[in-house]
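Residue strings, one per chain:
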Amino acid sequence: MMRALKIARSAKLPRLAALLVTVAGLGLAGCDDHAGDPKVQIGANPELPALQQYLMPPMRVAKVVGWGEETPTVAQGLQVHALATGFEHPRSLYVLPNGDVLVVESNGPKAPISRPKDIITGWVQSFAGAKAKDANRITLLRANGDGAPELRTTFLDHLNSPFGVALVGHDLYVANTDAIVRYPYQDGQISITAAGTKLTDLPGGPIDHHWTKSLLASPDGSKLYVGVGSNSNIGENGIGAEYERAAIWEVDRASGAHRIFASGIRNPTGMQWEPETGKLWAIANERDEIGPDLVPDYLTSVRDGGFYGWPYSYYGQHLDPRIVPQRPDLVATAIAPDYALSSHVAPLGVAMYTGTDLPENYHGGAFVGEHGSWNRTPLNGYKVVFVPFSGGKPSGPAQDVVTGFLDANDHARGRPVGLAVDRRGGLLIADDVGNTVWRVSSSKPGAPPKPAS
């Protein structure tokens, strides 16, 4: 292993990586890495095949080619245009009360290499844009009456892998990878130069496997909810490295004290309040390396004190044999998610639609940004879908709303991440490979406004 690590740090990395890619494609004898129909894994009762285990998991990454003159494809009754371009890895979006849009440009800190598998995984994922330059900043866009940005400024800079943002009154909170920081904010402010104040530490390095920290304020503003992903795929870094991870934290905004609101959620990358019931809902990225159709990523309501299985079980009480020793006491309490999105789609953004601009069939449901798979054949995700809701819960199959992120050759023009609904009711999409923020609105006559670059 030490020899492999030394080689990886030298100019021989591409040769080693090519060898390991071959091994990764082989897996173990008898393993089938070709996936089934993803539609049977969408909804409340997904089909869950027998698991497979691999010496090296098969990997398939969409080569990045960019958009060129192309734009995404949208469902009937909608139109899309680039609100702004020229970002550096835009990951999440937040709309301020005055309509200004905050674009979080960020990527994860460099992770240590502890296994030969880490070398090849990182190298392969780099082709999908996962190792893009980290701007560590938040950019502000201010739109005019027709939706075109009239102002673009650096709102906050010199951050540490930021992701989540929440405004409560005149306090703006940013979830860096290792802490929540509070900044003073005045209505209409176009940049913040004041020093931030740390509210609380968050689990960070040195491993920091899932670095994104999603953030959501409670309706009354007294609490902040933080999505803290696991420090591994399936506990391979030791259970001690998972302390207070794979969980949603509830943080008291006055004191910074926190408690674990829900646990066993491998990577809760986005949260929203469901408008009809007021319940907390989250999207989550589930575990890898047990087959192309395991485990479905999901959208679920989140119960106070609930346990959702990771790492000991998946989708309720289906045991994962890779975890030793097991915890049958925890597994017995594991809650199955409400709604499967299909395996390895990598949901990284969610927005409950409470606007009025989009057609009525989108009102009250959830848009989900699916970043896309890197370890599945055929590729899965790479689109924005809509999950209809009725009575406060999903009421039908997910519908493709924004597609075209993959071209005819399965090359990636872009990859959708964070979502937000702007003040005019349009759906905003952060595209961290296309380095663009897209805006989806109802179809109307006339040319779309020119994007800000």
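Here, every reference points to the structure presented above.
Residues numbered from 1 in each chain as written. Predicted model: local features only at pLDDT ≥ 70, side-chain atom pairs only at ≥ 80, totals over all residues. Heavy atoms only, no water.

Moving on, we come to the overall build of the protein chain. Regarding its fold elements, the protein chain presents 4 helices and 30 strands. Look at the contacts in the protein chain between residues 6 or more apart in sequence, and 62% of them connect residues 24 or more apart. Total accessible area on the protein chain stands at roughly 18500 Å², and carbon and sulfur atoms take up 52% of it. (Helix = DSSP H or I, 4+ residues; strand = E, 2+ residues; numbered from the N terminus. Contact = heavy atoms within 4.5 Å. Areas by Shrake-Rupley, 256 points an atom, 1.4 Å probe, with all protein chains shown as cover.)

So, on to the sheet that holds strand E30 (residues 436-442). The sheet built from 4 strands is open, its strands ordered E3-E30-E29-E28 with antiparallel pairing. With one partner strand each, in any of the chains shown, strand E3 (78-85) and strand E28 (416-421) form the two edges of the open sheet. In this sheet, adjacent strand axes meet at a mean angle of 25° when their direction is disregarded. Looking at chain direction, E28 and strand E29 (residues 427-431) are connected through 4 bridges and run antiparallel. Across the sheet, alanine 420 pairs through a bridge with leucine 428, a residue of E29. (Pairing = 2+ DSSP bridges. Axes fitted to C-alpha atoms, helices over the stretch in contact; angles between N-to-C directions.)

On to unusual backbone geometry. Peptide bonds are trans in most cases, and residues, glycine excluded, mostly fall at negative phi. In this model, glycine 205 is joined to proline 206 through a cis peptide bond whose omega is 10°. Structurally, the position occupied by proline 206 is in the loop between strand E11 (197-201) and strand E12 (213-217). Here the residue pair leucine 294 and valine 295 is connected by a cis peptide bond, since its omega of 0° sits within 30 degrees of zero. Along the chain, the position of valine 295 falls in the loop between strand E17 (280-284) and strand E18 (296-301).

Counted according to the given criterion, the structure contains 19 salt bridges. Where arginine 91 meets aspartate 432, a salt bridge forms, and the shortest distance between an N and an O atom there is 2.7 Å. One end of the pair, arginine 91, is in strand E4 (residues 90-95); the other, aspartate 432, is in the loop between E29 and E30, with 341 residues separating them in the sequence. Under the relative-accessibility criterion, aspartate 432 is labelled buried at 3%. The salt bridge involving aspartate 252 is made with lysine 223; its shortest N-O contact spans 3.9 Å. Placement of the pair is aspartate 252 in strand E14 (residues 247-252) and lysine 223 in strand E13 (residues 223-228), with a sequence separation of 29 residues. Three or more residues joined by partner-sharing salt bridges are found here, namely Glu286, Arg287, Asp320 and Arg322. (Salt bridge = Lys/Arg side-chain N within 4 Å of Asp/Glu carboxyl O. Buried < 20%, exposed > 50% of the residue type's maximum accessible area, 1.4 Å probe, protein only.)

Attention now goes to the pairing of strand E16 (residues 268-273). Note: E16 against E17, 5 bridges, orientation antiparallel. What sits directly across from tryptophan 273, in E17, is leucine 280. Linking E16 back to E17 in an antiparallel pair, the connection comprises 6 residues, with glycine 278 at a positive phi of about 75°.

Roughly 870 Å³ of internal volume is contained in the second largest pocket. Around the second largest pocket, the lining comprises 35 residues; the ones closest to its centre are Leu93, Tyr94, Leu216, Gln272 and Ala420. Of the residues that constitute the lining of the second largest pocket, the class distribution is 23 nonpolar, 11 polar and 1 charged. (1 Å grid on protein atoms, 1.4 Å probe; cavity = no way out; pocket = protein on both sides within 12 Å on 5 of 7 lines; lining within 4 Å. Points joined across faces, edges and corners; volume = space filled by probe spheres on them. Nonpolar A, V, L, I, M, F, W, Y, C, P; charged D, E, K, R; others polar.)

Once that is clear, we can look at the sheet that holds strand E8 (residues 164-168). Strands in a sheet are paired, the pairing made by backbone hydrogen bonds, and the direction either parallel or antiparallel. With respect to topology, 4 strands assemble into an open sheet ordered E8-E9-E10-E11, the strand pairing being antiparallel. Lying at the two open borders of the sheet, with one neighbouring strand each, are E8 and E11. Going from strand to strand, the sheet's axes swing by 20° on average, the running direction of each strand aside. Relative to strand E9 (residues 171-175), E8 runs antiparallel, the two being bridged by 5 bridges. Directly across from alanine 166, in E9, lies its bridge partner tyrosine 173.

Glancing now at the nonpolar core. If you look at the biggest cluster of nonpolar residues, it comprises 24 residues, and the most contacted ones within it are Tyr362, Phe367, Leu427 and Ile429. Those elements giving two or more residues to this core turn out to be E3, strand E24 (383-387), strand E27 (399-403), E29 and E30. A per-element tally of this core places E3 first, with 3 residues. Apart from the residues within four sequence positions on either side, isoleucine 429 is in contact with Leu93, Val384, Val402, Pro416, Gly418, Leu419, Thr436, Val437, Trp438 and Val440. Judged by nonpolar contacts, the second largest core, of 20 residues, contains Leu216, Phe261, Leu280 and Ala340. (Core = buried A, V, L, I, M, F, W, Y, C linked by side-chain atoms within 4.5 Å.)

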